[in-house]
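Residue strings, one per chain:
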Amino acid sequence: MRFRKDAPPRWLRRWCPDEHVQSVVEITPERLQARGIRALLLDLDNTITPWRSPNVPSEVAKWIRTMQAAGIKLCFVSNTRNLSRLRQLSEQLNIPYARGPMKPRRAMLRRALQLLGVEPQHAAIVGDQLFTDVWSGNRLGIYTIWVRPMHPREFIGTKVSRAIERWLLKRLKPYQEPDETPAPVSPESE
Ligand SMILES: [Mg+2]
């Protein structure tokens, strides 16, 4: 689902993503490239792996390889404190990572873009939280994709923000619209 990002009232706009997907695998290189997006910043927990888990589901690993093969530059932007797991996944998946003050601060995202050599208008962020991933991306003016959390198990503090996210989503619903589908070709137009 897409959101008309300019439509919500100003106070709500900062948490409004451009898109909402059920899983990262819905994001295709073609759709990103059609928007001029060459780099994708990736949240880790509950986006690429279940919370605190070192295991990347096979369909997600395959999706990462597809992105890389298509020339989409990737970089992890995670608030995790577990640096050794982040390093290990970074090596395993051949994806660099940026560190810095926690999202929704913008510094980590800026470093990631610097690392990849990409301007904000050619970048997107994907993550499962409105208050960290989407907010930081909106603050930086990059394309934001909100993904449904991979697994219900998560940090206790996150459970509180989930309740607020549900409340926000209700307010964002009126600004949601279905994905654009290719217009059917009618024989008369040929
Ligand atoms: Mg997350």
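What you see as residue numbers is a count from 1 along each chain, following the sequence as written. Under the rules for a predicted model, residues below a pLDDT of 70 receive no local features and side-chain atom pairs below 80 are neither given nor counted, while totals for whole chains, interfaces and linings still include all residues. Water and hydrogen atoms were dropped before computing side-chain values, which therefore reflect all heavy atoms in the structure.

Enquirer: Please explain the environment of Pro-8 as it appears in this structure.
Expert: Topologically, Pro-8 is positioned in the loop between strand S1 (2–3) and helix H1 (10–13). Taking C-alpha positions, Pro-8 is 17 Å from Ile-142, a pair spaced 134 residues apart along the chain. In this text, helices come from DSSP runs of H or I with a minimum length of four residues, and strands from runs of E with a minimum of two, each type numbered from the N-terminal end.

Enquirer: Teacher, can you tell me more about the pattern of salt bridges here?
Expert: A side chain of one charge can pair with a side chain of the opposite charge if their charged atoms are brought near each other. We count a salt bridge whenever a side-chain nitrogen from Lys or Arg sits within 4 Å of a carboxyl oxygen from Asp or Glu. Using the criterion set out here, one finds eight salt bridges in the structure. Linking Arg-4 and Glu-177 is a salt bridge whose minimum nitrogen-to-oxygen distance equals 3.6 Å. Here Arg-4, found in the loop between S1 and H1, pairs with Glu-177, found in strand S8 (residues 176–177); they are 173 residues apart in sequence, far enough to count as distant. For the salt bridge of Asp-133 with Lys-103, the shortest nitrogen-to-oxygen distance reads 2.6 Å. Within this pair, whereas Asp-133 is found in helix H6 (residues 130–140), its partner Lys-103 is found in the loop between strand S5 (97–98) and helix H5 (107–116), the two being separated by 30 residues in sequence. Each residue gets one of three labels from its accessible area relative to the maximum for its type: buried under 20%, exposed over 50%, partly exposed in between, using a 1.4 Å probe on protein chains only. Take Asp-133: its relative accessible area is 1%, and that puts it in the buried class. Given the relative accessible area of 4%, Lys-103 is considered buried. Among the charged side chains, a salt-bridge network with shared partners connects Asp-43, Lys-103 and Asp-133.

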